[in-house]
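Spelled out, the chains give:
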Amino acid sequence: MRIPHWRRLVLKIGSNLIAPGGQALSTRHVLEIARFVQHARTQEREVILVSSGAVAAGRASLHGRSDMPPPNVAGKQALAAVGQAELMRFWQRFFDFPVAQLLLTRDDFANRRRFLNARNTLRSLRAVGALPVINENDSVAVDELRVGDNDTLAAHAATLTESELMVLATDIDGVYDADPRSHPNARKLDEIDQVTEELLAMAGDAGSSVGTGGMRSKLIAARRAAEAGIGTLIIDGRDHRTLEALLDNECRGSWIHPAQQRRAARKHWMLHSLPTSGQIEIDAGAAEALKGRGASLLASGVIGIQGQFEVGDAVEIQHQGKALAKGIVQYRHAELARIRGRHSRDIAEILGDCPSESVIHRDDLVLM
Ligand SMILES: Nc1ncnc2c1ncn2[C@@H]1O[C@H](COP(=O)(O)OP(=O)(O)O)[C@@H](O)[C@H]1O
Ligand SMILES: N[C@@H](CCC(=O)OP(=O)(O)O)C(=O)O
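As the structure is a prediction and not an experimental result, all values here were calculated from the model.

Asker: Would you take a moment to explain the overall build of the protein for this structure?
Answerer: A tally of helices and strands in the protein yields 14 helices and 15 strands. For 368 residues, the compact-globule estimate of 2.2 N^0.38 gives 21 Å, and the C-alpha radius of gyration of the protein, at 22 Å, lies within 12% of that figure. C-alpha extents for the protein along the principal axes are approximately 70 × 45 × 40 Å. In the protein, the share of contacts with a sequence separation of at least 24, taken over all contacts with a separation of at least 6, comes to 73%.

Asker: Explain the domain arrangement of the protein to me, please; I cannot follow it from the model alone.
Answerer: By convention, interface size is frequently given as the accessible area that disappears when the constituent parts associate. According to the domain assignment, the protein contains domain 1 (8-260) and domain 2 (266-367). Inter-centroid distance (C-alpha atoms) of domain 1 to domain 2 is 35 Å. If you look at the interface, domain 1 gives four residues, while domain 2 gives five residues. A class-by-class count of the residues in the side of domain 1 that touches domain 2 yields one nonpolar, one polar and two charged.

Asker: Can you walk me through the nonpolar core in this structure?
Answerer: When a protein is soluble and globular, its nonpolar side chains tend to lie buried together. Ranked by size, the top nonpolar core spans 68 residues in total, and within it Val10, Leu49, Ala154, Ala157, Met166 and Val167 carry the most contacts. Sequence-distant contacts of alanine 157, defined by excluding residues within four places in its chain, comprise Val10, Ile48, Val50 and Ile134. Core analysis: the second largest hydrophobic core is formed by 22 residues, Ala287, Leu297, Ala325 and Val359 among them.

Asker: Teacher, can you tell me more about the UniProt feature "binding site: ATP" (unreviewed entry) in the protein here?
Answerer: According to UniProt, the feature "binding site: ATP" (unreviewed entry) maps to Lys12, Thr170, Asp171, Thr212, Gly213, Gly214, Met215, Arg216, Ser217 and Lys218 in the numbering used here. Positionally, lysine 12 belongs in strand β1 (residues 8-13). Position of methionine 215 relative to the elements: it lies in helix α9 (residues 214-227).

Asker: Help me understand the packing of helix α3 (residues 54-61) against helix α4 (residues 73-92) in this model?
Answerer: Working note: a packed helix pair is described by the angle between its axes plus the distance between those axes. Close contact between α3 and α4 brings their axes to 6 Å; oriented N to C, the two are set at 95°. Viewed along their axes, α3 and α4 adopt a mutual orientation that is roughly perpendicular. Where α3 approaches α4, its residues Ala54, Val55, Ala56, Ala57, Gly58, Arg59 and Ser61 are matched on the opposing element by Lys76, Leu79, Ala80, Val82, Gly83, Gln84, Glu86 and Leu87. In terms of residue class, the contact of α3 with α4 is made up of eight nonpolar, four polar and three charged.

Quick notes on the rules
- Each chain has its residues counted from 1, following the order in which its sequence is written.
- As a convention, the first chain written is A and the first ligand written is 1, with the rest following in written order.
- Note on the predicted model: pLDDT of at least 70 is required for a residue's local features to be given, and 80 or more for side-chain atom pairs to be given and counted; whole-chain, interface and lining totals, by contrast, use all residues.
- Helical segments are the DSSP runs of H or I of at least four residues, strand segments are the runs of E of at least two, and each set is numbered from the N terminus.
- The globule rule used for comparison is 2.2 Å times the number of residues to the exponent 0.38, while the radius of gyration itself is calculated over C-alpha atoms.
- Here the contact rule is simple: place C-beta atoms from the backbone, and any two residues whose C-beta atoms are within 7 Å are in contact.
- For each domain, the first and last residues come from an automatic or database assignment.
- Three categories are distinguished: nonpolar for Ala, Val, Leu, Ile, Met, Phe, Trp, Tyr, Cys and Pro, charged for Asp, Glu, Lys and Arg, and polar for the others, with Gly belonging to the last.
- Note on definitions: a nonpolar core is a set of buried residues drawn from Ala, Val, Leu, Ile, Met, Phe, Trp, Tyr and Cys, linked by C-beta atoms within 7 Å.
- Residue burial here comes from a neighbour count, namely the number of other C-beta atoms, placed from the backbone, that lie within 10 Å of the residue's own C-beta, with 20 or more meaning buried, 12 or fewer meaning exposed, and in between meaning partly exposed.
- UniProt positions are given in the numbering used here, feature names are shortened, and annotations may be inferred rather than shown by experiment.
- Only the stretch in contact is used when a helix axis is fitted, and all axes are lines through C-alpha atoms; the angle between N-to-C directions ranges over 0 to 180 degrees.
- Angle categories are assigned with fixed cut-offs, so that under 35 degrees is roughly parallel, over 145 is roughly antiparallel, 65 to 115 is roughly perpendicular, and the rest are oblique.

As structure tokens, then:
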């Protein structure tokens, strides 16, 4: 089935794929995934990985030792710490561009400052062409602060990276109307309009000892992504034809539709519901860049500031006194006053830090 054309997606690799049978990390299935990532880049499309496998890798590294950590929480955290380093080395071997590790946990998404900070980091990584590889920060996160499973982590990551699509690659070719391990006649669902309670009841738990999710957590993650306007694909990551099809905007697994009009709704919300905390006056060049090219607003185009606003507040952008756009700022008013009219490369010198190249990123900007 056809899916919308995508330019950026989050691809989640489950433990089953990267460490088949709960054993050591293996290239067996992942080679095709690495090929897919490379191929997507040649088409100027972007892939962000969420990779499981730290616990499996850690366990394999320490295998056979008499002082192997016990299978309790602290023991698993130690395995994840050993295995995470191994996991990154493993991914780097496939690519001649840098891979970048991001270990995140629930607070990084729940806390607005940390969320914006992580988002800026990801934007910087994009600028240098690095491949982000995200995992939960298993070794330090205590239970109540964890996202808990990497399917849900991928849904958060998809929002964080402003991706159009979330792909959950696993060891089965989609969602079935019953757990196929216990129902051999179960039928595959090619398309799912909405993740209902009935559907969740059909989905079983994880198939492996190192995985955490199972189909149930994948569907819950897909529902979360749908609410944010992001469609989900659940695919067999072992099948190279499935991955090739994805480059042609074709889904061979199960496709879970995004909630209708979610994206338009965000812009609508920004424009009509989000209170404005100030005004920014911009020059003619910046006005043209915003209107004509859908560009981000840079400090160099800012000529005046009114009101007191914090990072993450919405402001009105004006040109010659007329409202032109609305957007979410990356700098508070006092800092912006110091960098207005200046080139982005001077920001670090003026402020001692450059948290963002742009004053308002184009994804956070809506024209009036
Ligand atoms: N309704 C269902 N449809 C498809 N797979 C299911 C269903 N219920 C349970 N499963 C199981 O979910 C497993 C995939 O989840 P999981 O083991 O967590 O994989 P991963 O490590 O890739 O996250 C499959 O191997 C399958 O046995
Ligand atoms: N963060 C853990 C994986 C947790 C997880 O959700 O596993 P899985 O269900 O196999 O994707 C690890 O790296 O081992």
